[in-house]
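Survey of secondary and tertiary structure
Spelled out, the chains give:
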Amino acid sequence: MIYLQLCIEFFKTGLFSVGGGLATLPFLYAMAERYPWFTKAELTQMIAVSESTPGPLGVNMATYVGMKTAGPLGGILATLSLVLPGLIIIILIARTLEKFQKNQLVQNVFSGLRPAVVGMIAFSATSVLENAFFLAGTDFSSFSLGTLDWRNIILFFVLLFAVFKWKKHPILYIAIGAIVGIVFQF
Amino acid sequence: MKDYFELLAAFFRIGAFTFGGGYAMLPMLERELILKHKWSTMEELMDYFAVGQCTPGTIAVNTASFIGYKRKKVPGAIIATLGVILPSLIIIIILAAILQQVSDYPVVQSAFRGISAAVAALIVQSVWGMGKSGVKNLLGVILMILSFYFIFFLKVNPVWIVLGAGGMGAFAYSEIGKKAFKKLLTPFGKEESK
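Residues numbered from 1 in each chain as written. Chains lettered and ligands numbered in written order. Predicted model: local features only at pLDDT ≥ 70, side-chain atom pairs only at ≥ 80, totals over all residues.

A tally of helices and strands in chain A yields 8 helices and 1 strand. Order of helices (α) and strands (β) in chain A, N terminus to C terminus: α-α-α-β-α-α-α-α-α. Along the first, second and third principal axes, the C-alpha set of chain A runs to 55 × 45 × 30 Å. Across the 186 residues of chain A, 55% fall into the buried class. Within chain A, residue pairs in contact and separated by at least 24 positions form 55% of the contacts whose partners lie at least 6 positions apart. (Helix = DSSP H or I, 4+ residues; strand = E, 2+ residues; numbered from the N terminus. Buried ≥ 20, exposed ≤ 12 C-beta atoms within 10 Å, placed from the backbone. Contact = placed C-beta atoms within 7 Å.)

A few words now on the packing of helix α8 (residues 170–183) of chain A against helix α5 (residues 106–134) of chain B. Running from amino to carboxyl end, α8(A) crosses α5(B) at an angle of 140 degrees, the nearest separation of the two axes being 7 Å. As judged from the angle between their axes, α8(A) and α5(B) are oblique. For the pair α8(A) and α5(B), the sense of crossing is right-handed. For the pair formed by α8(A) and α5(B), the contact residues are P170(A), Y173(A), I174(A), I176(A), G177(A), A178(A), V180(A), G181(A) and I182(A) on the first element and V107(B), S110(B), A111(B), R113(B), G114(B), I115(B), A117(B), A118(B), A121(B) and L122(B) on the second. (Axes fitted to C-alpha atoms, helices over the stretch in contact; angles between N-to-C directions. Parallel < 35°, antiparallel > 145°, perpendicular 65-115°, else oblique. Left-handed = near helix turned anticlockwise from the far one by under 90°.)

Here we come to the nonpolar core. Counting residues in hydrophobic clusters, the biggest one holds 111 residues, and the most contacted among them are A116(A), I121(A), L159(A), A118(B), V119(B), A120(B) and A121(B). Summarising the domain contributions, this core has at least three residues from each of domain 1 (2–102) and domain 2 (135–185) of chain B. Sequence-distant contacts of L159(A), defined by excluding residues within four places in its chain, comprise Y173(A), I176(A), G177(A), A117(B), A118(B) and A121(B). (Core = buried A, V, L, I, M, F, W, Y, C linked by C-beta atoms within 7 Å. Domains from an automatic or database assignment.)

Let us look at the interface of chain A and chain B. Facing 90 residues of chain A, the contacting portion of chain B comprises 82 residues. For the side of chain A that touches chain B, the element with the most residues is helix α6 (residues 104–133) of chain A, which contributes 24 residues. The residue inventory of the side of chain A that touches chain B, partitioned by class, reads 59 nonpolar, 27 polar and 4 charged. (Nonpolar A, V, L, I, M, F, W, Y, C, P; charged D, E, K, R; others polar.)

It is worth spelling out the packing of helix α1 (residues 2–16) of chain A against helix α4 (residues 57–93) of chain A at this point. Residues and elements named next belong to chain A. The geometry of α1 relative to α4 is characterised by a closest axis approach of 7 Å and an angle of 40 degrees between their N-to-C directions. As judged from the angle between their axes, α1 and α4 are oblique. Every pair of crossing elements has a handedness; the one defined by α1 and α4 is right-handed.

Turning next to the domain arrangement of chain B. A common measure of how large an interface is: the accessible area buried when the components associate. Per the domain assignment, the segments of chain B are domain 1 (2–102) and domain 2 (135–185). Inter-centroid distance (C-alpha atoms) of domain 1 of chain B to domain 2 of chain B is 32 Å.

Here's what the structure looks like:
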């Protein structure tokens, strides 16, 4: 029952992804490995679309992944499952907001969590980099100079420089990537 | 009834006009919640952000749940949350259907090839930014490397990493842990000042 599986996976993602939309990515990559729903290359596409459309990144990703896996109903169910844990927790702590925030144990747990989240998102970045650096159908396991997509690697470094230097809106860089890809027939 | 509709409409607008989520949505929240409806103050909004950072889920959704609850208890929280996710649902479902049909065209594939380089650059920058604000001492460096190692090389489920790192934090920053791990917990750049 694919709908139930989607609900469980996205509920788990919502419950354990702490610190915003990017924190959902490690869970999505784990899903790509465990289920035949979508590939890692497709995930990169979904990130691009989610970053260039309005709404929180995590919610957009859930809708897209759910839609791709099981149609519109899948998209709706995945999104609702993703936000449900947060909604329940907020309702539970809304009355004692200040107490929760100042609780020493809560703060300690999060001091340990934050660096781990950075490590997990760095892992997601390696998948995205792999997808960008290798020609279609090849990956890190078949590494050789011939499997590298040199044009895309050059484009990556140019854009990386631009992103760090000017910090413009993500859509701008995504649009530049699309235009360069079309003009030079990547 | 009118109150619920107002909540739904306000958060629908917030969902529809913010890109990226997180702090990017602060200006929109400010306009809708503080200036227009006077449902919240700037201080409260900052509190919601702080709590949103340390509860599961996206910050946009958590802020919506908070404000909704404050206005109309549980039904309000649900309505506001639905409001903020509705634009995403509508836009992405339509877009995904279109993209599935056109994604075989060579032009679209070329575009997505170039886009993959852009997404990679954006993510590297996000990780760099998060590292700067999230890794503040030697223990942080160790936890970051360990979590990367476990998920990348050992393919451990991220759930276990979240639970493990949370547990490590609870222990290391407790009174006993603070004495045992003094060196690991000294914030970077503060070694000399002591």
